[in-house]
Every structure is written in structure tokens, then in C-alpha cells.
Amino acid sequence: MEPGDLFIPVDSIEEEATLTCDAKGNPPPQYRWSLNGTLINLGLDRRSSLDRAQDVGLYQCMAFNTVGAILSRRASLQFAYNFQINILTNISIFPDLTYAWVFNEYPYFVQQDNRRFVSQQTGNLYISKVESSDVGNYTCVVMNSVTKGKVQSSPTSLILRTDGVMGEYEPKIEVNFPDNVSAAKGSTVTLECFALGNPVPEITWKRANGVPFPSKVKMKYSNAVLEIPSFQQDDTGGYECVAENKMGKNVATGKLAFYAKPQWIQTMKDTVLAIEERLYWECRANGKPKPSYSWLKNGQPLVSEDKIHVEEGVLSVSVLTLADAGMYQCVAENRHGVIYFAAELMVLASPPDFTGNVLRALLKAKAGTTVTLECKPQAYPMASILWKKGNLPIHTSDRLANVSKSDAGSYTCFARNRFGMSSTTGRLLVTDPTRITQGPSDMEIIVGESIVLPCQVSSDPVLDISFSWAFNGQLIAKDDGHFELVGGRTAGDLMIRNIQLYHAGKYICVVDTDVESLSAVAVLIVKARPPSPPAVVTVEEVTDSTAQLAWSPGRDNGSPISHYLIQTRTPFTVGWQRVNTVPEVIDGNTLTATVVDLNAWVEYEFRVLARNGVGVGEPSPVSVKTRTEDSVPDAAPGNVGGGGGSRSELVITWEPVPEELQNGESFGYIIAFRAFGDASWTHVATSAPGAARYVYKNDSISPFSPFHVKVGTYNSKGQGPFSPVVTIYSAEIEPSGMPAGVWARSVSASEIEVNWQALSFTPERVLGYEVVYWEDDTKPETMGKMRVPWNQTSATVSGLAGHTQYFLTVSAFNTAGTGPFLPAINVTTKKPPPAQPPLNVEWTLIGSHLSLYWEPVVAMESESEVMGYQLSYRRQRHKEVNTLTTSNSSAELSLPEDDEDYIIHIRTMSEGGLGPASDPIRVHQLSEFIIFSWSTHTVCAECS
């Protein structure tokens, strides 16, 4: 905040005046004041009131701290004087005065018109042609706008003479403007012109150059005052006032000149430079007359000397030192004003520092491009730069042109000046270019269809890839229901669902990677357009199975609406479903319909779609949720059955009725059952709508007794239907008999075959047999079970350990559980087959005859002896496998002559089963060639 000019009335009761100066800085600034260029010693001046003789003048503030100092604008302190009017016709004129005249008594002021005028230049009252109504007393009132003081003259009488008659005469201009008037830019200029005359003259104005007045110019008091607001350069020049009546005319002329205080058009900025660098600052201001310039450093004038050069608005300082730091001000001045602009110069001296500007730890670049490795340390003065790739110095700038894989590696920038050295390291990774392998193509499509625009790429696997799509120059939003980005890492295909006419236009797939951006363009043409959505759908009447709907039509979009479709949604449906209506087909001229076959006591929403020759349009807004009326249930539980459970129990099961078919509140089930042969039913009700099982327990129920069962429904409206009657059985008891004649044998290293005799008679039902096996009683984790049907008397247990003793037992089972087990028997599995597959397979193919030879496999002591070998072979492109066995380590095969590859495997055969297969042998038939192969390698020799 800078000090402002002050006017103090001399008779003011105030004993002090305040000039404000406020600056920001770090550390907080201190202040000094000067008066008319002389420093004020505030410590010595102990006065307690203003002194007109000592305190008037120009004040200037200096704000300073340890960084520097700046000066404020110069502010004036003046004393304003009141005055007295002594002679009405000879008023002393002061600035900032306004004049008015009172007619006869206050507050009746003289009203100015074409006859009467009060000049604000002279203070006089002028009457061009006196009339009898003008007779009276006149008092002049003068006001000082600074002191707010007001004085008035003694009254002066105007008397109308009767001793003669005033004749007509031409205008005589009594009030006019000076020949030359200077006005400040932006000020309001007022020119006065008033004339006496008989008849009363008419005042007009014009510019000497003939240019019309702009609209901002105003005429006041019957054109006696010309007012020009916001005075500008264009308003300068000659002005003429013309006073005219029938007796003649008179003219007053003068010129308006333009002046302007200085205003900045170019300033300097706070600057940070390194020691030994050069400072160049330039400031420019406009003004009229043209401003002159001077420069200050810390409030003291600067002149050209040694390394400092000052010329007009330019300041340059060469070979900066730390002592050159400080606050500088550019001063522009003309005779109408002076302005200041301040800036700070910081001079730095420091070693190189990469903080905040290190090389990127990993920079990826596409092969063939130009890479910039920015080495920009903060260093004062500027540092010299040295580059190394790995540990080897290289001669390069920050730019690597046309990079290749050989340019990849670790780069280090070393920076040094006279104050020290620093370095930064980063790694360059050169990647293969990305290519769009399949981009979108121009298409034509019909409204309502869906398409996928492909955008697939091949790229270097180290790159991160992102896909985006633009439609007609706008990025496609992810929350737009019509668009979905599909594909994996290398695909950004765009799916467009239910295409509308407004989807026509240009689609651009943009592929962005760490190192480049690619795009592919396609134009989509959408033909025709289905109808617009119908207006709001209302539900007018509802029953337990119907709803009366009404709607308003939407636009047909150039193709007449052929018919309407109605869809509904409930909490129990997935999405919207088509419903039955009356009429069955709703033509385009019908705007009401009844929806039928609805479920009772279900909350429905409805919407309507219109179809024309192009297709089906967008759906209408969704109707208000409406619940159908309730009714007795009309659905019975499904899949009624049962059985099982514990002794003396009858277990009844069913599928619950879905909530949407329960038709009302307080829904439940009625379970009815009776023993075979009984006439009467036992009824039980449950109020749990989700129940699916009921257990009736009674000690009188015989095991596995037949019952008739049915399940019905009810709700608050009444009882619904029963399911069909089914027969179920009460709980049975486990079998009491045991199978006989159990024996077992080891089939292989992993399988045991168990045999037994079926139960000849038992009072209980037998559903099948359960085989239990284990290694020994101390290894419960080895226990296993398997079950077979009642008509099967043998089972093969597989997945066993080789050469291991197993215990086995057999029992009968039914729904109540298993019966007693036979005493356990034990069997030991055979030794496992050799773990070593056939090796060193050699083969010979002559024509279609294939001979194979391999190294015999010798079994270990813990393995089964080799009994022979199995060969399996198939065509490479077929799944059908053929087998051949041999007791020797060789085999002969005859292959069809069809020029197709064969895959062959060889395994050992033993008591323990088949051993692991050899590596696959691939055989390819070549006409007129003999082929030898070992393992997976092939050697060809041409027959001579």
C-alpha cells in the first residue's frame, strides 16, 4: 500500500494526518520517510500537532530489509483554505469549488434553461433576456468540495426598468472556454458557452474537423455545457461554439490538448542469475509527454559506470557478483506524474545439483526415434557436462537420433563447475515399434444392430498399452451404455450395441504406449431410424391378472409406426420380458391395451416400444410400480416325493412355490398323507413359504411302509390346489445280513478285484454293496470306500500303492445305512512296473515298412519283471490310437503310404501294469528316401 495525497483544512480540529506505507518482504521490512527529499528523523521530532509551515510538501516512503530497499510514490500533503465572498461581481476563484444561486429565499435555487445559466468557471449568473418573472433577490452560494465548507453572499436585487424598451440585437458570447485546454487521459472535460441576446440565442457545437461527436458526448443546460467523459487522444482538436438568433450569430473557438501520466506497458520480473552472468532489464511506459526513465538500486540512483550501463528504460549489468543482488526500481516520469516498478535480483553461486531433475530411472523409446536425455542440473555458474554410457565416456549431446537396440543401456551425466561436481544416472530401453495389425474399416449398418470395430496391435512385451476411442472428435465415455471396450492386452475392440442414427460418424481408435501413439480411423454410416420412445406410460386399472395401460405416441422419425410392443419387469424376472395383450397385435393407431396373464400380488413395471419399417425404437419411460390384486393360490408345489430319514419317520419333500406364484400374503403349505389302504387323510399346515420338507414321526410306522402323499397351498385369500398324489415309503432299517464267500486278488500294482456272493434272503431292502479297504489299523488316512448296485457281486478297487498289503471287507447297504461287515481279508498288490521307459530307440523306414529297435528295460528288485512291450501309434492329425505288443525289444510295422507324420510311444508290460512311455518318436514318410532316427533327432540320406 502506497501513501496517497492529503488535503487538510486549515481550520480542521484534527491535530494529525496519516500517510500509509505497507510492504511485503522476508525478513519483514522496516520503513524510512523523507519530506521534500530530506530524511525525517522520527526520533527527534516530538511535535504533537500539524504545522502548516513545516509539514506541507512531498512525502516518500522507503521500505527496506536485508535483501534490499524500494521507494514508494511521492505523496503531497496540502492545506485547504476556506474563503469569504466580498463582492458579488468579483468572486475570488479557488479549485474544487461549485456555485449555485438562490432566488429570493432558500431552498429555491435558480433553475437553468436557455435564458439562465450559472457558470462553474466564473461563478456568475447570466440571464440572456430578462423577463418580469426574474425580478427579485439573488444570493450566491459557494461550496468547497475538499473542506465541505459553504458560504453565501449578501442578497442582490434585480429590478426591472420601465423607462425604456430593449431592442433586438445579435448574440454576444459572455461565457466561453480558453483558446487552449489541456486535459488528462480518462478525465471528464467540460466546456462552457453562453450568450446574451434578443431574441434568446440558440447554442450549437461542432468540431473544427467536421467529425461528428461520439455518443459519449453529452450536452447540458440547453447546450450551454459540452461534456466529454473519459477523454482520449481521439477527442483532441478544435471545438466551436455557435450562438445564433435571427439578428445574427457569434462564434467562440478553442483547442483541446491531451496529456497522460506515465503507464507501464513493459516491466521486468524478479530474476535469478548465476554469478558472472549478465543482467538485462528493460521497462517501457507510455504517457504524454513521453516519459523519461531512471533506475534505483535499494532506493539509490544508478548511473552508467564500469560494468553498469543505464540508458532510457534499459539496465544492464555485466559479470554479476553477489554484491549486485538487491531490489531494483525502474522510474518513469513526465510533468504530470511519476511511477515506480520494483523487481528483485538474486545472484547465486552453488555447485551442480540434480535434486528434482534427475534422469528417469527407466526411459523407454521406440527404435528409430530421437531420444532426449535431459541433463539440467541447477548450477551457478553453469556447469560443464560429461556423458558416460556404462563406464565409457561418450561424445553426445542430450539427443540420440535414430536409436537402435545397441543404444540401450545405462547413461550417466556428470556436471561440474568451480564449486563442485554431481551426477545422475538413468537406463534407456529401446523397444520394437508398435503396429496396428487389424484396424476398423468403413461400414454401413442399420439402426438397432450391434457391431464390433476391431483395433488389434502387435507390440514389444515390455510396453504398457492402453486403448481409447473417439467419436466425431469426442472421447467415448466409459459409462455410455451403447459402447463397451472388449479384448485383451493387444486388442482394444469397440463393441457398439443397439446402434442409433446418432452413432453415425468418424471413429478413431487411439493406441497409446510408453513411447508412441498410433491411431486408425473408420467411418460408420447408419441407415434410417426407428421411432422415438412413446411418452409416459400410465396404469389405469388393475385386477389380479390384468393391467390396463395407456400412453402417448413418440415421433415416427419419417417411417410410420406399424405397431407397439409392451414389456414388463418384476423383482423376479431377469431384465424386461414381452407380455401378452388384448388386442394381441397393437397397431400404430392404438394407444391403449390390456396386459393379461399376469401373476397375482406381484409388483410390475411396464414400458412401451414402437416399431416402424426401420426397426424397434428406444423404450418409453418406465411406468410407476403397480401391484396386482391378490387371489387364492393357483400353483401347487412340484416334485413331491420323500423317503429315507430315521426309524419311525415319514419324510415328505417338495419344491417350494416361487414367491411370484404365491398370489398373496400369509402363504403356506398343507401336507396331506395316509397309509396305503387308509381312506382318511392326515393334514398338517406350515406357514413357512420357503419350506421344502416335512418329517412326520410316529412309533407305529412300520419300516419301509408305503404312503400316499400330496402337498397343497394356501394364503390369506384361501386354499389353493394340491399336487398329484404320489407314493413314498417310510424310513427303512439297514440290512441285517452279510454277504458270503468273499475273496480278492491283486490285478496290478494299483488294483485289487473283490468278489462275494449276493445275500440270498434278508427282510430289509438291499440297494447295493459297500467295499471298505485300508492298509492297516494304524493308518486311518489310507481308508477308502466304494459302492456298487445290488445286482453286482464284484468290484475293482483302483488307485492303490504298489507292493502293499490291504485289508478289505464288504457289507450291504440301503437308505438307512450299512449292515454288518464281514471279517476283513487281506491282499497284497503286485510290484509296480519299471519306472524306466524304453531308451535309445532306433528306427528304419523303407517305403511303408518301419522297423524299430530299443534298449531292453531291466526291472529293479522292487519292480515287476518285464513281460513284453506295447507300442501305440497314431497319425499326427488324428486321435485314433493303434496298439501292438511284442515280447522282444524290437517291432515291425507297416504304415500306409500317405505322406503323413506318425507319433509312436513304447511302454513296458509287467504284472504291475504298463510302465511310463518313451519320448514320442516322430516318423515322416518321404518317397525315395531312407530315414534313420534316434530319440527326437532325424537324419536323411538320399538313396542312390
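Sequence order as written defines the numbering, with residues in each chain counted from 1. Where local features are concerned, this predicted model is filtered to residues with pLDDT of at least 70; where side-chain atom pairs are given and counted, the filter is 80 or more; whole-chain, interface and lining totals use all residues. The basis for the side-chain values is all heavy atoms of the structure; hydrogens and waters are excluded.

Q: Just checking my understanding: could you explain the sheet that holds strand E67 (residues 740–746) for this structure?
A: The strands making up a sheet are joined through hydrogen bonds of the backbone, oriented either antiparallel or parallel. In this analysis, strands are considered paired if DSSP registers two or more bridges between them. Strands are runs of DSSP state E lasting at least two residues, helices are runs of H or I lasting at least four, and both sets are numbered from the N terminus onward. Reading across the sheet, the three strands line up as E67-E68-E71 and stay open at both edges, with antiparallel pairing between neighbours. Only two strands of the sheet have a single partner each, and these edge strands are E67 and strand E71 (794–797). Geometrically, the sheet is characterised by an average inter-axis angle of 15° between neighbouring strands, direction not taken into account. Across five bridges, the pairing between E67 and strand E68 (residues 752–757) is antiparallel. From the neighbouring strand, Trp 743 faces E68, where its bridge partner is Asn 755. Where helices are involved, their axes are fitted lines through C-alpha atoms of the stretch in contact, as for all axes, and angles between N-to-C directions lie from 0 to 180°.

Q: Please clarify how the confidence of the model for the protein should be interpreted in this entry.
A: Caution applies to low-pLDDT parts of the model: their predicted coordinates are not meant to be read in detail. Chain-level pLDDT for the protein is 88 on average; 95% of the residues reach the 70-or-more range. Taken as a whole, residues 84–93 scores under 50 in pLDDT and shows 14 contacts with residues more than four places along the chain or in a different chain. Within the model, pLDDT remains below 50 along residues 927–944, and this stretch shows 30 contacts once partners closer than five positions in the same chain are excluded. Values of pLDDT, the confidence the predictor places in each residue, fall between 0 and 100. The contact definition used throughout considers only heavy atoms, calling two residues in contact when any of these lie within 4.5 Å.

Q: Please explain the environment of Val 242 as it appears in this structure.
A: If you trace the backbone, Val 242 turns up in strand E20 (residues 237–245). Here Val 242 falls in the buried class, since its relative accessible area comes to 10%. C-alpha separation for the pair Val 242 and Thr 253, spaced eleven residues apart in sequence, amounts to 8.9 Å. Filtering out sequence-adjacent residues up to four positions away, Val 242 remains in contact with Glu 202, Ile 203, Thr 204, Lys 249, Asn 250 and Val 251. Residue burial is assigned from relative accessible area. The probe radius is 1.4 Å, only protein chains are included, and a residue is buried under 20% of its type maximum, exposed over 50%, and partly exposed in between.

Q: Explanation requested: the sheet that holds strand E26 (residues 300–301) in the structure shown.
A: Spatially, the five strands line up as an open sheet ordered E22-E30-E29-E25-E26, and their pairing is mixed. Each edge of the sheet is formed by a strand with only one pairing partner; in this case those strands are strand E22 (271–274) and E26. Alignment of E22 against strand E30 (residues 337–348), held across four bridges, turns out to be parallel. Directly across from Leu 273, in E30, lies its bridge partner Val 347.

Q: Explanation requested: the layout of surface pockets in the structure shown.
A: Gaps between atoms show up when a probe of the same size as a water molecule is rolled over them. The pocket and cavity definitions rest on a 1 Å grid over protein atoms only: a 1.4 Å probe that fits but cannot leave marks a cavity, an open set with protein on both sides within 12 Å along at least five of seven lines marks a pocket, and residues lining either have an atom within 4 Å of a point. Grid points are joined across faces, edges and corners, and a volume is the space filled by probe spheres set on the points. Of the voids in this model, the largest pocket is the one considered here, and its volume is about 800 Å³. Looking at the lining of the largest pocket, the elements with two or more residues in it are strand E9 (125–127), strand E12 (156–158) and strand E16 (194–198). Side-chain classes follow a simple rule in which Ala, Val, Leu, Ile, Met, Phe, Trp, Tyr, Cys and Pro form the nonpolar group, Asp, Glu, Lys and Arg form the charged group, and the remainder, Gly included, forms the polar group. Its residues assigned to classes, the lining of the largest pocket comprises 14 nonpolar, eight polar and two charged. Each pocket or cavity is described by its volume, and for the second largest pocket that value is around 560 Å³. Lining the second largest pocket we find 19 residues, and of these Ala 17, Asp 45, Arg 47, Asp 55 and Tyr 59 sit closest to its centre.

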